[in-house]
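As a plain string of letters, each chain reads:
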Amino acid sequence: MLRKRIIPCLDVADGRVVKGVRFVDLTDEGDPIELASRYVAEGADEICFLDITASHEARGTLLELVHRTAAVLTVPFTVGGGVGSVADMRAVLRAGADKVAVNTAAVRRPRLLVECAAAFGRQCVVLAVDARSDGAGSWEVYTHGGRRATGIDAIDWCAAGAALGAGEILLTSMDRDGTKDGYDIDLLARVRAAVDIPVIASGGAGDADHMVEALVAGGADAVLAASIFHRSEHAISEVKATLASAGLPVRVPSLVVAP
Amino acid sequence: MRIAVIDHGAGNLVSIVAALERLGIDPVVAAAPDALEATDAVILPGVGATGTAMARLNERGLDRALAAWPGPMLGICVGLQLLFDTSDEDGGSCLGVIPGTVRELAGRPLPHMGWNDVHHRGDPLFDGIPSGEPFYFVHSYAPVPEDPAVIIATSAHGGRFTAAVRSGNRIGVQFHPERSGTAGLRLLSNFVRACRQATHAA
């Protein structure tokens, strides 16, 4: 049975892992390669690496860092941040990423999803969506690292993105990001019902019970978290034990000895 | 031991190259047919769409070179799918070294993405790996071989599908051993070991 994935996320700015609350007040959380290696050793099913300065400072993704990080990993790896064209995506894939997340550039020019899926296959095209609730049952898409409102309905955008060529949705609740209040379950459930590609829940993880909620009530295929793992508040093994006791399929550490 | 990793222009070669380096192999990344003349084994990787990958192979003259290559070959993910006759993904023809076609999976959500059980029948490729061990998949299509005897492992997503095949010394896996932790490294080392034995025997 397909396992529910636990994905530690490394937000990177200027070569360091950082974390904020509701996308601001960034604090230094460590070295990306050190953290990624630790998470793999602890049982992370996948790693996500977002260059959060790339888009608004118009910088390219930190390809060199991606390359060095990818070479030490034995699990898959998604990279996002500042990917604006097929050429950008090719560069990130060739630097060692297994999947590439696009956000601002896809909102600006949705055909980018069509082009990327045609060039590399939809399985490596992740649509990252930053959504903020209007408090009345709708969510609006924000771009540029959460700095710019678009007026676009988040549920509609996820459905359109899936139809255009996205192979996965990385859905971040801006309202919950960094708060540890739990994922936005209503948002997840709405997106789950609107698309038939995998959905990664992001924003708000405070403990393993929040993850169970996102996977069961929210219907997510994977859960992403940053702060609770960086600060070693919750070990990945402990999170997986909670998921398993809730009846969710998780990957336990392999007994196969490395050659 | 010389292993050529075929570059079809689309994918991530870093992860497979890094995995082989961990096993003490220094692979050659090959984008032209002449590289096949001086190698002991070929790995056809990973990320991409079959139509784009085939177009690149054709452009570089690698399609005929690979189809004629007599030595050990390991196709990974799209590389496995390319071994078959045709794919529904782009409707085009593939290398045609194993009879069969590539079809969309029945399960949802699609792509089938993540760690899933691989049930094998004891092929040496899986030495030291229990049947049912999870490997990492990321794909929407899987091959349907004409001859079921080539299927050496299966997984399930809305029904069973082919997770690994062997036809002589041509092997293919639908999952990503280079991204499947210690089990994946073990599988790659089993392939490398068999290639070494074949090289020594020759």
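Everything quoted here is computed from the prediction, not taken from an experiment.

A. Broad picture of the overall build of chain B. Tallying secondary structure elements over chain B gives 5 helices and 12 strands in all. Taking 2.2 N^0.38 as the reference for a compact globule, 202 residues should give roughly 17 Å; the C-alpha atoms of chain B span a radius of gyration of 15 Å, in line with that estimate. In terms of overall dimensions, chain B has C-alpha extents of about 45 × 35 × 30 Å along its principal axes. Each of the 202 residues in chain B was classed as buried or not, and the buried ones make up 63%. With the model as given, the accessible surface of chain B reaches about 6,800 Å², and the carbon-plus-sulfur share is 51%. Placing the 15 positive and 20 negative side-chain charges of chain B at their respective mean positions leaves the two points 4 Å apart.

B. Structural view of helix H1 (residues 14-22) of chain B. Among the 9 residues in H1(B), 7 count as buried, and that is most of the element. Taken residue by residue, H1(B) has Val14(B), Ser15(B), Ile16(B), Val17(B), Ala18(B), Ala19(B) and Leu20(B) as its buried positions.

C. Local environment of the interface of chain B and chain A. Taken residue by residue, the interface counts 45 residues in chain B and 43 residues in chain A. Both sides together, the interface formed by chain B and chain A hides about 3,400 Å², and carbon and sulfur atoms give 55% of it. Taken as a group, Met113(B), Trp115(B) and Arg179(B) account for 23% of the area that chain B buries against chain A, more than any other trio of residues on that side. Across the pair Arg108(B) and Asp196(A) runs a salt bridge, and its minimum N-O distance is 3.5 Å. Taken together, chain B and chain A are joined by 22 residue pairs in polar contact (both at pLDDT 80 or more).

D. Representation of the sheet that holds strand S2 (residues 28-30) of chain B. Residue and element names in this part refer to chain B. Strand order across the open sheet formed by 9 strands is S2-S1-S3-S4-S12-S11-S10-S7-S8, with mixed pairing between neighbours. For this open sheet the edge positions go to S2 and strand S8 (133-139), each flanked by a neighbour on one side alone. When strand polarity is set aside, the average angle formed by the axes of neighbouring strands in this sheet is 30°. Bridging between strand S7 (residues 112-120) and strand S10 (residues 151-156) involves 2 bridges; their strand directions are antiparallel. Note on S10: the bridge partner recorded for His 120 is Ala 153. Running at roughly 165° to strand S1 (residues 3-6), H1 makes contact with S1, S2, strand S3 (41-44) and strand S4 (73-76) of the sheet.

E. Spatial organisation of the packing of helix H3 (residues 86-95) of chain A against helix H5 (residues 111-120) of chain A. All names here are of chain A. Here H3 crosses H5 at 45°, and the two axes come no closer than 10 Å. It follows from the interaxial angle that H3 and H5 lie oblique. As H3 packs across H5, the resulting crossing turns out to be right-handed. Contacts between H3 and H5 involve Val 86, Met 89, Arg 90 and Leu 93 from the first element and Leu 112, Glu 115, Cys 116, Ala 119 and Phe 120 from the second.

F. Expanded view of the side chain of Thr104(A). Residues and elements named next belong to chain A. Mapped onto the fold, Thr 104 is located in helix H4 (residues 104-108). The class for Thr 104 is buried, based on a relative accessible area of 7%. Polar side-chain contacts of Thr 104 include one of 2.9 Å to the backbone nitrogen of His 144.

Conventions used here
- Residues numbered from 1 in each chain as written.
- Chains lettered and ligands numbered in written order.
- Predicted model: local features only at pLDDT ≥ 70, side-chain atom pairs only at ≥ 80, totals over all residues.
- Heavy atoms only, no water.
- Helix = DSSP H or I, 4+ residues; strand = E, 2+ residues; numbered from the N terminus.
- Rg over C-alpha atoms; globule rule 2.2 N^0.38 Å.
- Buried < 20%, exposed > 50% of the residue type's maximum accessible area, 1.4 Å probe, protein only.
- Areas by Shrake-Rupley, 256 points an atom, 1.4 Å probe, with all protein chains shown as cover.
- Lys, Arg positive; Asp, Glu negative; His and termini not counted.
- Charge placed at Lys NZ, Arg CZ, Asp CG, Glu CD.
- Contact = heavy atoms within 4.5 Å.
- Buried area = accessible area lost by both parts, 1.4 Å probe.
- Salt bridge = Lys/Arg side-chain N within 4 Å of Asp/Glu carboxyl O.
- Polar contact = N/O pair within 3.5 Å; in protein donor to acceptor, adjacent residues only side chain to side chain.
- Pairing = 2+ DSSP bridges.
- Axes fitted to C-alpha atoms, helices over the stretch in contact; angles between N-to-C directions.
- Parallel < 35°, antiparallel > 145°, perpendicular 65-115°, else oblique.
- Left-handed = near helix turned anticlockwise from the far one by under 90°.

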